[in-house]
Every structure is written in C-alpha cells, then in structure tokens.
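# A closer look at the structure
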Amino acid sequence: QKEVEQNSGPLSVPEGAIASLNCTYSDRVSQSFFWYRQYSGKSPELIMSIYSNGDKEDGRFTAQLNKASQYVSLLIRDSQPSDSATYLCAVNIGYGQNFVFGPGTRLSVLP
Amino acid sequence: ETGVTQTPRHLVMGMTNKKSLKCEQHLGHNAMYWYKQSAKKPLELMFVYNFKEQTENNSVPSRFSPECPNSSHLFLHLHTLQPEDSALYLCASSQDFSGANVLTFGAGSRLTVL
C-alpha cells in the first residue's frame, strides 16, 4: 500500500527562523512530489513541485528530494506568521496513477 | 471566472435528503477529481474522471454518485448520507492524468449531515 508520512506537528518556530518540514514515502517508483499549503478552512494551494533529486528553490521556499532515501522536505526561510498553515506532502508514481497525500504538518510561526 | 469553482460552499442536510455538489473548472483541464477531507485524516480520493470517463472509484459507498457531463463540470450527488459523511469535499482538476501535472483545488464544499 502506498503511504506518505509526515509529522503531524504542530511545529512551532519563531518569526524569521527556518522551518523544516519532512515527508517520507513508501513507493520507490514515485516520480512526482508536491508540497501544498492549506490555511484553516481553505483549500490546498500548490507551493512547490519537484521531480529530480536535489534542491529546488522558489523565493523563501526550498524543496529537497532524495529518492534513494525516499524523502522529500520543504524548507521555509525567514518564516512569517502568514506561513502558519498545514503543509501537505503529495506523491505520484506516474501516468494514470493517483496522488497520495500525507496527513499534513501544522506549522505555527510565532511573532 | 478563473480556476475551480465549487457550489455550494456550505451545505446542511438531513440523512434522508438528496442534494448535489457542483464543480466547474475554467482551466481547460481534462481530469477532474473529488476528494474528501475529514478532520485529522489525509485527503481521501473518491472519484477521478479523465476526459469525462471515470477511471477511479475508491470503494466509495453508493450513497455518493458522481457525474461528469463534460470536461469542465463535475457533480457529486448525495443521497441518504450518514453523519460520518460530514466533511469538506474538495474538487480538483489537472491538465490530464499525468502524474507530473499539478492539482488545482476548488474552495471546497463543507457538508454537515444531521
């Protein structure tokens, strides 16, 4: 059974710090990896997608993928209170397959 | 309008009612999805349509009935629901059924079953 695991949190970091969110997945053939942010009472919105090993940076966000370790992470630099949300990790193994979501990690950035 | 639009945003229904949730996407996508989000549980995929054809039904009870008349519209018909069906129902779309394509979600329909 395909699984995606995340620490449910809450993860609390002070404003301006780096928040590190982690995700592990069970299916070795997974090809596509996504991070979604979901504010309370809202729908998920895409933060980052990553398909190759290594780092991908977009503004204050960096996604890191290590397929050998079946691990994907999201770093948020200079965390802001507005980053407080639940972060969902999603994995897809390829065409015709469905996305598998993790349970999400709740991040709280303290002013 | 742009993106993925869901109506109604909030719905309260009794266990014997029949209601429908509607989803419309304005992105030119060919795949549409229904997800259920309950408290403290991962997003659960319910149904997938790719080019109007249903490709997935994740053992969803028959009291949930999807309909996809065209690539832009998706419905979820609800009948004889149970209180445990109370949840946020999210519609999403993607360009097609390629795993590399991003899901774009609607705002969701918050369902309460009394």
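The following refers to the structure shown. Per chain, residue numbering runs from 1 following the sequence as it is written. As they are written, the chains are lettered A onward and the ligands numbered 1 onward, keeping that order. The model is predicted, so local features are restricted to residues of pLDDT at least 70 and side-chain atom pairs to those at 80 or more, both for listing and for counting; the totals for chains, interfaces and linings are taken over all residues. The basis for every side-chain value is the complete set of heavy atoms in the structure, and neither hydrogens nor water enter the calculation.

### A look at the state of the cysteines
Residues and elements named next belong to chain A. Going by this rule: Note on terminology: pairs of cysteine sulfur atoms within 2.5 Å are recorded as disulfides. Helix and strand assignments come from DSSP, with helices taken as H or I runs of at least 4 residues and strands as E runs of at least 2, each series counted from the N terminus. Note on exposure labels: buried denotes an accessible area under 20% of the residue type's maximum, exposed denotes more than 50%, and partly exposed covers the range between, all computed with a 1.4 Å probe on protein chains only.
This structure, assessed with the given rule, holds two disulfides over all chains. Here C23 pairs with C89 through a disulfide, and the sulfurs are 2.1 Å apart. The chirality of the disulfide connecting C23 with C89 is left-handed, given an S-S dihedral of about -75°. You can see C23 sitting in strand β3 (residues 19–25) and its partner C89 sitting in strand β9 (residues 85–92), a full 66 residues away along the chain. The residues C23 and C89 share a single accessibility class, namely buried.

### Examining the interface of chain B and chain A
Rules: Contacts are assigned to residue pairs that have any heavy atoms within 4.5 Å of one another. What counts as buried area is the accessible surface, traced by a 1.4 Å probe, that two parts surrender upon association, with contributions from both included. Salt-bridge detection follows one rule: a side-chain nitrogen of Lys or Arg within 4 Å of a carboxyl oxygen of Asp or Glu. Two N or O atoms count as a polar contact when they lie within 3.5 Å, although within protein this holds only if one can serve as hydrogen donor and the other as acceptor, and sequence-adjacent residues are included solely when both atoms are side-chain atoms.
Contacts between the two partners involve 22 residues from chain B and, on the opposite side, 20 residues from chain A. For the chain B and chain A pair, buried surface summed over both sides reaches about 1,600 Å², with 59% attributable to carbon and sulfur atoms. Scanning the region where chain B abuts chain A turns up zero salt bridges. The interface formed by chain B and chain A includes three residue pairs in polar contact (both at pLDDT 80 or more). Contributing elements (two or more residues each) for the side of chain B that touches chain A: β4 (31–37), β5 (44–50) and β9 (87–94) of chain B.

### Details of the pattern of salt bridges
What the rule picks out here adds up to five salt bridges over all chains. In this structure, E45 of chain A engages R37 of chain A in a salt bridge whose closest nitrogen and oxygen atoms are separated by 3.0 Å. A residue is classified by how much of its surface remains accessible, and E45 of chain A, at 33% relative accessible area, is partly exposed. We classify R37 of chain A as buried; its relative accessible area is 15%. When the shortest N-O distance is used, the salt bridge between R63 of chain B and D85 of chain B registers 2.7 Å. Of the two residues, R63 of chain B sits in the loop between β6 (53–57) and β7 (64–70) while D85 of chain B sits in the loop between β8 (73–79) and β9, which places them 22 residues apart along the sequence.

### Let's talk about the sheet that holds strand β1 (residues 4–6) of chain A
Residue and element names in this part refer to chain A. Defined as follows: Pairing between two strands is assigned when DSSP locates at least 2 bridges connecting them. In this description, a line fitted to the C-alpha atoms serves as the axis of each element, helices being fitted only across the stretch in contact, and the angle between N-to-C directions of two axes falls anywhere from 0 to 180 degrees.
Here five strands make up an open sheet; going across it, the order is β1-β3-β8-β7-β6 and the pairing antiparallel. The open sheet terminates on both sides in strands that have one partner only, identified here as β1 and β6 (54–58). Averaged over all pairs of adjacent strands, the angle between strand axes in this sheet comes to 20°, irrespective of strand direction. Pairing analysis gives six bridges linking β3 to strand β8 (residues 71–76), with the strands arranged antiparallel. For L21, the partnering residue across the bridge sits in β8 and is L74.

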